[in-house]
Every structure is written in C-alpha cells, then in structure tokens.
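# Analysis of the macromolecular model
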Amino acid sequence: MYKLVSILILTTVYQSFVLSDSSLPSVCPDIISKKRWDARTALEVDYVIIPIDNVVVHHTVTSSCDYEDDCASLLRNIQNFHMEELEFHDIGYNFMVGGDGRIYEGAGWHKVGAHTRGYNTRSLGLAFIGNFTTQLPSKKQLQCAKDFLKCGVVLGELSKEYKLFAARQVSSTASPGLKLYRELQNWPHFTSRPPPK
Ligand SMILES: *[C@@H]1O[C@H](CO)[C@@H](O)[C@H](O)[C@H]1NC(C)=O
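Residues numbered from 1 in each chain as written. Predicted model: local features only at pLDDT ≥ 70, side-chain atom pairs only at ≥ 80, totals over all residues. Heavy atoms only, no water.

The name that an unreviewed UniProt entry assigns to the chain is Peptidoglycan-recognition protein, with the source organism given as Zophobas morio. The annotation that UniProt attaches to the chain under Sequence similarities (unreviewed entry) is "Belongs to the N-acetylmuramoyl-L-alanine amidase 2 family." (UniProt positions renumbered as here; feature names shortened; annotations may be inferred.)

Within the fold, Arg122 resides in the loop between β4 (103–105) and β5 (123–128). Its relative accessible area of 29% is what places Arg122 among the partly exposed residues. Along the chain, Arg122 and Asp53 lie 69 residues apart, while their C-alpha atoms are 6.6 Å from each other. Beyond its immediate stretch of four places on either side in the chain, Arg122 contacts Ile52, Asp53, Asn54, Pro195, Pro196 and Lys197. At 3.0 Å, the side chain of Arg122 forms a polar contact with the backbone oxygen of Pro196. (Helix = DSSP H or I, 4+ residues; strand = E, 2+ residues; numbered from the N terminus. Buried < 20%, exposed > 50% of the residue type's maximum accessible area, 1.4 Å probe, protein only. Contact = heavy atoms within 4.5 Å. Polar contact = N/O pair within 3.5 Å; in protein donor to acceptor, adjacent residues only side chain to side chain.)

What follows is about the packing of aromatic side chains. All chains considered together, the criterion is met by seven aromatic pairs. Measuring from centroid to centroid gives 6.5 Å for Phe128 and Trp187, while their planes differ by 65 degrees, and the two rings are edge-to-face. Taken as a pair, Phe128 in strand β5 and Trp187 in the segment after α4 (178–184) lie far apart in primary sequence, 59 residues in all. Members of the aromatic cluster, connected to one another through ring pairs, are Phe95, Trp109 and Phe148. (Phe/Tyr/Trp six-rings, centres within 6.5 Å; stacked < 30°, edge-to-face > 60°.)

Counted under the stated rule, the structure contains five salt bridges. For Lys34, the salt bridge is made with Asp90, and the minimal N-O distance between the two is 2.5 Å. Taken as a pair, Lys34 in the loop between β1 (31–32) and β2 (52–59) and Asp90 in the loop between α2 (68–85) and β3 (95–97) lie far apart in primary sequence, 56 residues in all. The two residues Lys34 and Asp90 agree in class, both being buried. Close ionic contact of Glu68 with Arg36 constitutes a salt bridge, the shortest N to O distance being 2.7 Å. Pair noted here: Glu68 is in helix α2 and Arg36 is in the loop between β1 and β2, with a separation of 32 residues, a long-range link. Owing to a relative accessible area of 18%, Glu68 belongs among the buried residues under this scheme. (Salt bridge = Lys/Arg side-chain N within 4 Å of Asp/Glu carboxyl O.)

This is the structure we're talking about:
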C-alpha cells in the first residue's frame, strides 16, 4: 500500500513536471499573467483572427523596471491611465516586456488591443517598459522580446511571415524611442514598409 501510494505520488509529480515543461514550446519566455500583476479586468474583449500578420512595437515612456514588483506597479498605473483617462477597455498593449527579462500579459493573445490607430484589429502591440529615446533596453529585455516573437509563431498566434515595425512608422509618435527603433531595424521580420492603414 505504502509503495503504491508513493508510486502514485511520484507519477503525479513526474507528470506535472513533464507537462509544465512540454505544454509550452521551450522558446516561450515566462509570461506574468494579468492576475499575477494584479490587473483590472477588461471591460470588453474583442478577438482577432489568427495568425496575426503584424507586430507593432512601442515603449511605455515610463521608468524602467528590474523586478516584478516594480514592473507590476508601473503596469497598474499605465492600465489605470488607459482605462480612466483614455477610456480604453483594458491596458492598450497586448503584451509588455519588462527590464527583468519577462513578458507581462496585457490584452493578451488573439485580442484586439488599443495601441495603434488603424492597426489594432490586425496587429499585436508589444510595449517595452521604459523610455528608449537615448538608451537601449537591457540585454535580457531585448532577448526576451525576441524569444517571445518566436514563441508567437510556434504557438500559431503570429504568421510565419509576420511584419515587425515601430509605432512611429505608422502614427505621429516617437514610440518606441529612437534608440530602440534603430535596434529594431536589425531584427528579423522588420519592415521599412508597413502595410497601409
Ligand atoms: C524620455 O527620455 C528622453 C531622453 O532622456 C527625455 O528627454 C524625455 O523627457 C523622456 N520622456 C519622459 C516622458 O520622461
């Protein structure tokens, strides 16, 4: 009996270990859920058709953050601003990248965000937390974003030929900051000719 119970326990532990390992492709970075960063619930949710063809990159024009608590607190402020001042239904971006090298869930996968007028229903809005006018995101922040985009393709959320561009290429904003914009130009999938509005 003792033996049977311990075998059962070991099997369960083994399964949950293996499942948590294999349920997401290994390239996928940790995603901090909205629940975990204590986000408000979206007032309304609209869905996009996947795979999505475009990724629009932004920065939050806030301070940077190196720890989950700091990133979470910045994001709660941003979400409040988006929902109260801008009257969005949720934080506008689909996902955010923290200086701690982790992805934070915003509006999320296959949802319509509110980040780039004219593109929201056919793009994923990815925002780097910080202000990247004169400095680059941290190495791990950049790597995390790259891994996340690869992950999106593997999950079937992003088209294999998705186009990556900066918000400033399609709207009157400096986002995601000149320094980060220059960096993005060397990334796979970057396009100097985003699809028209
Ligand atoms: C972002 O950084 C630039 C360069 O350091 C600075 O001039 C600008 O005021 C910053 N923006 C905000 C909103 O803090």
